[in-house]
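Secondary and tertiary structure notes
Each chain is listed here by its residues.
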Amino acid sequence: MKFRYKVLFVNLIILSVVLGFTGYLLVYRNYTQSLEVELRNATSENNMVKASVEYELLDLLNSSEGKNAFARDMGRVIKRVDSSMLLSGSTLYVKYADEYVFSGDNMENLVPDDLFSDESSAAGAGASGPLSTGKKYIYHNGADGHFLYVSSPGYLNDSSLTIITKKNLSNVYDQLAANLRFLKIISIIVLFISAVIIYLVSRLMTRPLENLNSITTRISGGDYSVRADIKSDDEVGKLAENFNLMAGSVEENVEELKSMIHRREQFVADFTHEMKTPMTTIIGYADSVRHLDMTDEERDMSLEYIYTEGKRLETMSQKLFDLLYLKNSTVFMEEQDVQELGEETILHMKPILERNDISITSEFEEGEIYGDAELIKTVFINLLDNARKASKDKEHGEIFFGGRMIEGDSEENASYKNSDKASEKNIEKRYEFVVRDNGIGISEEDQKKIFDEFFMVDKSRTRKEGGAGLGMSLVAIILEKHGATIRIESELGKGTSIYTSWPIFDEDEELEDL
């Protein structure tokens with residue numbers, strides 16, 4: 001069942017109960033008030049009739065004929081009072097000496113015995129209003145109608161005299177029935193109008209929920225870009241706002257998963273391709289050495305190719321292992337002297353640079369950074385090796401490797417201070433290394449891809465040098481682990497400058513979260 005129908009039925013049930021209970025109370029109150037009015041009127045009428053009957057009978061008793069006239073004319077006198085004093089719908093009964101001596105309906109409908117029982121209402125015993133002491137009344141509902149009996153006891157000529165009046169209450173019960181019929185009609189009309197209004201209001205109020213449900217269905221079907229267009233300050237509006245935030249998070253996560261899957265697929269494809277190329281070369285030249293008659297020069301050349309491609313496979317495997325290891329490991333941080341790091345890196349690279357006739361100069365300002373020494377040197381070795389490859393074909397290859405302290409509000413420090421890592425730790429200064437060459441340069445398009453696995457600016461040169469396109473990916477991960485940043489400035493044909501910025505912390509700064 002739809003939510004709007006639940007709202008409709010629940011409200012109708014509540015409205016029916018409230019309307020029925022309230023209507024019943026109003027009708028019942030009107031009914032009891034009508035009975036009270038009839039009781040007051042019947043009591044007043046009974047008092048007047050009693051007074052007239054007693055007066056006429058006393059006058060008859062005191063006449064010249066005395067008791068003979070009283071016995072003979074009692075009925076006639078009472079009948080005259082009945083015809084002159086009682087209102088329409090009222091009936092008079094008179095008991096004298098416990099015997100009925102007059103009945104307004106010709107003795108066809110005598111007074112119920114309950115009127116004279118102790119359980120009937122009486123003044124001083126639960127009766128109220130105009131009833132005087134000794135008077136009694138009962139409500140009698142029978143097959144012939146609804147009546148109110150009122151009795152007034154008295155004494156005349158040493159015998160009891162009871163005046164009883166019967167009042168027809170049919171008008172009260174007819175009015176009660178009419179009010180109940182009216183209540184039913186009004187209730188039906190009110191419930192019908194309320195049902196229409198409640199349905200329209202509930203439909204209007206649940207429409208945003210239906211929109212959310214429709215959007216949820218579209219999202220479950222794969223459309224993660226859809227959003228709820230609900231603008232209100234109530235709970236539904238807050239729900240829509242949170243729903244949009246959730247949908248945005250889901251979309252970002254899905255896109256990230258898709259991107260991760262794509263990168264993995266691309267990684268596997270690139271790795272397979274990079275493995276295939278040297279393996280094909282090794283197998284081909286090995287097969288040639290094994291089956292063909294070759295000169296010593298040709299055999300040496302084949303073995304050289306096999307050795308070069310084998311070393312390339314070894315390098316690629318080692319860097320691939322480093323990549324996978326670093327992504328899931330924690331770096332041990334300790335204070336490192338920048339001059340010592342720079343000099344050790346240059347000492348490591350100097351032989352291969354001299355073999356390629358490339359000169360290197362350096363200049364390091366004093367300072368300390370925190371990190372893993374071997375990983376930091378791995379970054380510099382990869383950057384210097386890339387600079388070597390880019391400058392190899394130059395007539396005078398030159399590389400500069402240096403570093404300086406940057407702090408405060410300097411222009412160079414502004415970009416790093418706005419980065420996430422700097423803002424988290426409130427870092428106000430950093431140490432910047434630069435590796436600068438005068439080689440072939442890197443295009444803007446290649447600069448965007450340089451940190452991708454297996455990407456090579458010059459594939460033939462890189463493969464010839466035994467590279468696998470994993471060096472800069474490894475650099476990026478190491479920098480991330482140290483909270484450092486990197487930027488590239490390059491111009492084709494003129495050279496490249498690569499800057500790495502390393503945060504400098506106070507001694508009490510926590511480094512494990514980087």
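Along each chain, residue indices are assigned from 1 in the same order as the chain's sequence is written. In view of the model being predicted, local features appear only for residues whose pLDDT reaches at least 70, and side-chain atom pairs are presented and counted only at 80 or more, with totals across whole chains, interfaces and linings using the full set of residues. Only hydrogens and water are set aside; all other atoms, that is, all heavy atoms of the structure, feed into the side-chain values.

Concerning the overall build of the chain
Put simply, DSSP H or I for four residues or longer makes a helix, DSSP E for two residues or longer makes a strand, and each gets a number counted from the N terminus. Helix and strand content of the chain: 12 helices and 13 strands. Residue pairs in contact within the chain that sit at least 24 positions apart in sequence constitute 67% of those at least 6 positions apart. Note on areas: Shrake-Rupley with a 1.4 Å probe; residue coverage comes only from the protein chains shown. Carbon and sulfur atoms provide 52% of the accessible area of the chain, an area that totals close to 30,500 Å². Residue contacts are counted whenever heavy atoms from the two residues lie within 4.5 Å of one another.

Thoughts on helix α7 (residues 373–391)
Taking 1.5 Å per residue, 19 residues should reach 27 Å; α7 reaches 27 Å between its end C-alpha atoms and fits that length. Along α7, 15 of the 19 residues are buried, which leaves the element largely enclosed by surrounding structure. To estimate the expected span of a helix, count its residues, drop one, and scale the result by 1.5 Å. The cut-offs for exposure are 20% and 50% of the maximum accessible area for each residue type, with area from a 1.4 Å probe on protein chains only; residues under the lower value are buried, those over the upper are exposed, and the others partly exposed.

Things to note about the pattern of salt bridges
Any carboxyl oxygen of Asp or Glu within 4 Å of a side-chain nitrogen of Lys or Arg constitutes a salt bridge here. A complete count under the given rule lists 16 salt bridges for this structure. Across the salt bridge formed by R80 and E56, the nearest N and O atoms sit 2.9 Å from each other. Of this pair, R80 sits in helix α2 (residues 67–85) while E56 sits in helix α1 (residues 3–61), and the two are 24 residues apart along the sequence. Given the relative accessible area of 37%, R80 is considered partly exposed. Its relative accessible area of 21% is what places E56 among the partly exposed residues. Note that E489 and R487 form a salt bridge whose closest N and O atoms lie 2.8 Å from each other. A single network of salt bridges, built from pairs that share partners, joins R404, R430, E432, R487 and E489.

A closer look at a negative patch on the surface
On the surface, E297, E298, D300 and E304 cluster together to form a negatively charged patch. Here D300 is to be found in helix α5 (residues 296–327). Here a patch means residues that are over 30% exposed by relative accessible area and free of salt bridges, tied together within 9 Å if like-charged and within 5 Å if nonpolar (Val, Leu, Ile, Met, Phe, Trp, Tyr). Under the counting rule used here, the positive set is Lys and Arg, the negative set is Asp and Glu, and His together with the chain ends is not counted. One atom stands in for each charge, and that atom is NZ of Lys, CZ of Arg, CG of Asp or CD of Glu.

Details of the packing of aromatic side chains
Each Phe, Tyr or Trp ring, with Trp reduced to its six-membered ring, pairs with another whose centre is within 6.5 Å; inter-plane angles below 30 degrees give stacked pairs, above 60 give edge-to-face pairs, and intermediate values give tilted ones. Scanning the entire structure with this criterion turns up 12 aromatic pairs. Ring plane angle 85° and centroid distance 5.9 Å describe the contact between Y137 and Y139, whose orientation is recorded as edge-to-face. Assessed through its relative accessible area of 11%, Y137 is described here as buried. Y139 sits in the partly exposed class, given a relative accessible area of 33%. When the ring of F364 is compared with that of F401, the centres are 5.1 Å apart and the planes differ by 90°; the resulting orientation is edge-to-face.

Description of the sheet that holds strand β11 (residues 429–437)
The criterion for strand pairing is that DSSP finds at least two bridges linking the strands in question. Spatially, 5 strands are ordered β8-β10-β11-β13-β12 in an open sheet, and the strand pairing comes out mixed. On the outer flanks of this sheet lie β8 (358–364) and β12 (485–491), each paired with one strand and no other. Across the sheet, the mean angle separating the axes of adjacent strands is 15° when strand polarity is ignored. Here β12 runs beside strand β13 (residues 495–503); their pairing, made up of 7 bridges, is antiparallel. Paired with I486 across the strands is T500, a residue of β13. To obtain each axis, a line is fitted to C-alpha atoms, and for helices this fit is confined to the stretch in contact; angles are then taken between N-to-C directions over 0 to 180 degrees. Contacts from helix α6 (residues 338–355) reach β8, β10 (397–407) and β11, with the element oriented near 175° to β8.

What to know about the pairing of β13
The element β13 is largely enclosed, with a buried count of 9 among its 9 residues. Burial along β13 is two-sided: G495, S497, Y499, S501 and P503 facing one way and T496, I498, T500 and W502 facing the other are all buried. Here β11 runs beside β13; their pairing, made up of 8 bridges, is antiparallel. Bridged to E432 within β13 is S501.

Here we look at unusual backbone geometry
Positive phi is not limited to glycine here, since A97 has a value of about 55°. The exposure class assigned to A97 is partly exposed, which follows from its relative accessible area of 38%. The phi dihedral of D357 falls on the positive side, at around 55°, and the residue is not glycine. Tracing the backbone through its elements, the reader meets D357 in the loop between α6 and β8. Using a relative accessible area of 59% as the deciding quantity, one classes D357 as exposed.

Some words on the confidence of the model for the chain
For every residue, the predictor reports its confidence as pLDDT, a number between 0 and 100. Mean pLDDT over the chain: 79, with 80% of residues reaching 70 or higher. The low-confidence segment residues 123–130, where pLDDT is below 50, has 10 contacts with residues more than four positions distant or belonging to other chains.

Considerations on the nonpolar core
By nonpolar core is meant a set of buried Ala, Val, Leu, Ile, Met, Phe, Trp, Tyr and Cys residues that side-chain atoms within 4.5 Å join together. Ranked by size, the top nonpolar core spans 36 residues in total, and within it I369, V379, I399, F401, F433 and W502 carry the most contacts. Elements with a minimum of two residues in this core: α6, β8, α7, β10, β11, α12 (471–481) and β13. Core analysis: the second largest hydrophobic core is formed by 19 residues, L86, V94, Y96 and I163 among them.

Section: a nonpolar patch on the surface
Nonpolar side chains collect at one region of the surface, where F182, I185, I186, I189, F192, I193, V196, I197, L200, V201 and M205 lie side by side and expose about 1,100 Å² of accessible area between them. By secondary structure assignment, the location of F192 is in helix α3 (residues 170–220). Take F192: its relative accessible area is 59%, and that puts it in the exposed class.

Some words on the packing of α1 against α2
Contact pair α1 / α2: the axes reach a minimum separation of 9 Å and the direction vectors enclose 150°. Relative to α2, α1 is oriented roughly antiparallel. As α1 packs across α2, the resulting crossing turns out to be right-handed. Taken together, the residues of α2 that come into contact with α1 (itself represented by E45, M48, V49, S52, V53, E56, L57, L60 and L61) are K67, A69, F70, D73, M74, V77, I78, R80, V81 and M85. A per-class count over the contact of α1 with α2 returns 13 nonpolar, 1 polar and 5 charged. Any angle that is under 35 degrees is reported as roughly parallel, and any over 145 degrees as roughly antiparallel; angles of 65 to 115 degrees are reported as roughly perpendicular and all others as oblique. Handedness of a crossing follows from how the near helix is turned relative to the far one, being left-handed for an anticlockwise turn of less than a right angle and right-handed for a clockwise one. Side-chain classes are defined by residue name, with Ala, Val, Leu, Ile, Met, Phe, Trp, Tyr, Cys and Pro counting as nonpolar, Asp, Glu, Lys and Arg as charged, and the others, Gly among them, as polar.

A look at the environment of N168
When you line up the elements, N168 lands in strand β6 (residues 159–168). Sequence-wise, N168 and H146 are 22 residues apart; in three dimensions their C-alpha atoms are separated by 6.2 Å. Ignoring anything within four residues of it in the chain, the contact list for N168 reads G89, H146 and F147.

Details of the packing of α1 against α3
Orientation of α1 relative to α3, taken along the N-to-C sense of each, is 160°, at an axis distance of 8 Å. When the axes of α1 and α3 are compared, the pair comes out roughly antiparallel. For the crossing formed where α1 meets α3, the hand is right-handed. Broken down by class, the residue content of the contact of α1 with α3 amounts to 22 nonpolar, 12 polar and 4 charged.

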